[in-house]
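Fold and contact review
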Amino acid sequence: MIDKKITDDIGILILENPPQNYLQKPEFIPVPELMEWVEGNHLKALVISGSGRHFSGGAKLDSIFAMAEAGESMEGWMEKGKELLDYLQDLNIPVAAAISGVCFGGGLEIALACHMRICSENALFAFPETNLGLMPGLGGTFRLGERISLQDSLKMILGGDMINADEALSLKVVDTVVKNEEPLLYTFHFLRKITEGRPLKIINYVMQALKNSKRLSAEESMREETRMFCDLARIESDRRKNANP
Amino acid sequence: MKQTQHNLVFNITEGIGHLELNHPPANQMTAEFFYEFNELVDELRVMKGLKAIVISSRGRHFSSGANLDELLEQAVIPGERNHPEINENWNTISEKNSRSFLFFEEMEIPVIAAIRGVCIGSAFEFALFSHFRFCGEDAVFGNPETTFNLIPGLGGIRKIAALCGQAKAIELLLKGNTFGAQEAQLNHLVDKIVPRRKVVEFSMAFARKVMKNYKKQKASLYLQQISLDDPFYI
């Protein structure tokens, strides 16, 4: 279901269920497995993409109904799915979604949990859940609402409206539209460019500071930023002393 | 205004406080600079009658930012300097500097940064706490701290993310590259580019216009109203 690869300290996760890469369950990779892979390999960034032409069509209806019929465990499955997306969002390394083709429902929820979204010109985005008597169940409603206006969120979620790459860019659902290049390749090179030569601790601190800026008060986040700065200053100072005794 | 101030000049004309960094060409934000700066902010906290603040620098450049060697030195040991207060633990000094920056963000009167030339590192962080930023076409911005194995430490990360969004903030902070006025404007880090020789004049005219009945939450509306072609400004 998931293909994992590492190149130059960058983790590449491919949703592997072509052609539509439907998600068989919300937790497309167990958090402990992902955590061990990221931390054990000291990865500096992560890119998530879909195998082949599409990112992901989301969950297949029969999977959802099968889960619902299984009864007791559905909320548990959903909870695990949410934990996975929260884990991705909270990771202190850049996590990017590289999107071509279809990015619907649960697939869009995965993309929204990432720190940045890069797509091709042919990408299409939608929350079709309400057309099927459902709603985004993995925090997608919330994450979309954080990024775009309520009006546009409602159009997408209640209306099941599909938007294309240009619309997604102007709404800031995606950050970059790439032309004449595979989003995955572009994203990989982009992540490598911004992380190469940067110690993991620096990357971690920048991501942590960004997280703090959204979750803490101005004063608290600034104090934390100062604390991290001082930690790095001491490390750098020692490094210089050892280099030039 | 203290006679002993060297690194900063502050004058009030018609209610507009004009703060100028005064150590050209680099206007470096040294420990002495921050000492004077924090003192000025303490005065501003209790000053009455100010209607707006315009921040600019004497000379070609806004500021090259903090002195890196000093920063590193002070993070490790309380340095011995001329001003006894600077013997404090670095955390305290850095927090004081951050709080001074935050003061400008929290002011209920308009705070406008008028930027020419280089504005990087701590200087860029400082400028980001202004309510508005106008710059010359020659302006150069950036946070190169990560290229020195550091991070911006004075609150700039929070400000930059709020203006240009998370994805762009990640890119700019980790790459640590400098960029020009156009790119800054594209990323909403600067509000308007004006001819470099007119930046201060423009900022003053803008201040006069918006300081009447200024509503901070509506800052973006004021920007929509201004036009370079408006003879009022040039």
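Look above for the structure.
Residues numbered from 1 in each chain as written. Chains lettered and ligands numbered in written order. Predicted model: local features only at pLDDT ≥ 70, side-chain atom pairs only at ≥ 80, totals over all residues.

As for the overall build of chain B
Definition in use: Secondary structure elements follow DSSP: runs of H or I of four or more residues count as helices, runs of E of two or more count as strands, with numbering from the N terminus. Exposure classes come from backbone-placed C-beta atoms, where a residue is buried if 20 or more other C-beta atoms lie within 10 Å of its own, exposed if 12 or fewer do, and partly exposed in between. By definition, residues are in contact whenever their C-beta atoms, placed on the basis of the backbone, come within 7 Å of each other.
Across its full length, chain B holds nine helices and nine strands. Counting the 234 residues in chain B, one finds 47% classified as buried. Summarising the internal contacts of chain B: among those between residues at least 6 apart in sequence, 73% fall at separations of at least 24.

Some remarks on the overall build of chain A
Defined as follows: Throughout, radius of gyration means the C-alpha value; the globule benchmark is 2.2 Å times the number of residues raised to the power 0.38.
Helix and strand counts for chain A come out as 10 helices and nine strands. The C-alpha radius of gyration computed for chain A amounts to 19 Å, which stays within 12% of the reference 18 Å derived for 245 residues, consistent with globular compactness. Taking the principal axes of the C-alpha coordinates as reference, chain A spans close to 70 × 40 × 35 Å. In chain A, buried positions account for 45% of the 245 residues. A fraction of 71% describes how many contacts in chain A between residues 6 or more apart in sequence connect residues 24 or more apart.

Considerations on the interface of chain B and chain A
Here is the rule we go by: In the scheme used here, Gly and all other residues not listed as nonpolar or charged are polar, with Ala, Val, Leu, Ile, Met, Phe, Trp, Tyr, Cys and Pro taken as nonpolar and Asp, Glu, Lys and Arg as charged.
Listed as interface residues are 29 residues of chain B and, on the opposing side, 30 residues of chain A. If you tally residues by element for the side of chain B that touches chain A, the top one is helix α6 (residues 166-175) of chain B, at eight residues. Of the residues assigned to the side of chain B that touches chain A, the class counts are 16 nonpolar, nine polar and four charged.

Topic: the sheet that holds strand β8 (residues 162-164) of chain A
Residue and element names in this part refer to chain A. Applied cut-off: Pairing between two strands is assigned when DSSP locates at least 2 bridges connecting them. Axis definition: a line fitted to C-alpha atoms, over the contacting stretch in the case of helices. Angles run 0 to 180 degrees between N-to-C directions.
One open sheet accounts for three strands, arranged β5-β7-β8; its pairing is mixed. At either margin of the open sheet sits one strand with a lone partner, and together these are β5 (102-104) and β8. Here the average twist between neighbouring strands, direction ignored, is 20°. Pairing of β5 with strand β7 (residues 124-126), which is carried by three bridges, proceeds in the parallel orientation. Counterpart to phenylalanine 104 in the pairing with β7 is alanine 126.

Digging into the sheet that holds strand β8 (residues 178-180) of chain B
Residue and element names in this part refer to chain B. Sheet architecture is open: three strands sit in the order β5-β7-β8, paired in mixed fashion. Every interior strand has two partners, whereas the edge strands, β5 (118-120) and β8, have only one. In this sheet, neighbouring strand axes are inclined to one another by 20° on average, regardless of whether the strands run parallel or antiparallel. One ladder, built from three bridges, connects strand β7 (residues 140-142) with β8; its direction is antiparallel. If you follow glycine 142 over to β8, its bridge partner there is threonine 178.

Things to note about the environment of A:Phe55
All names here are of chain A. Secondary-structure assignment places phenylalanine 55 in the loop between β3 (45-50) and α2 (61-70). A residue is classified by how many C-beta atoms lie within 10 Å of it, and phenylalanine 55, with 33 of them, is buried. Each C-alpha atom, one on phenylalanine 55 and one on proline 245, is 53 Å from the other, the two residues being 190 residues apart in sequence. Each residue touching phenylalanine 55, except ones within four places of it in the same chain, is listed here: Asn21, Ser49, Gly50, Ile99, Ser100, Gly101, Val102, Cys103, Gly107 and Ala111.

Looking at the nonpolar core
We count it as follows: Note on terminology: a nonpolar core is a set of buried residues of type Ala, Val, Leu, Ile, Met, Phe, Trp, Tyr or Cys, with members joined through C-beta atoms within 7 Å. Delimitation of the domains relies on an automatic or database domain assignment.
Within the largest apolar cluster, 138 residues are counted, with the highest numbers of intra-cluster contacts made by A:Val47, A:Val206, B:Ile112 and B:Cys119. Taken domain by domain, the makeup of this core includes at least three residues from each of domain 1 (2-195) and domain 2 (200-243) of chain A.

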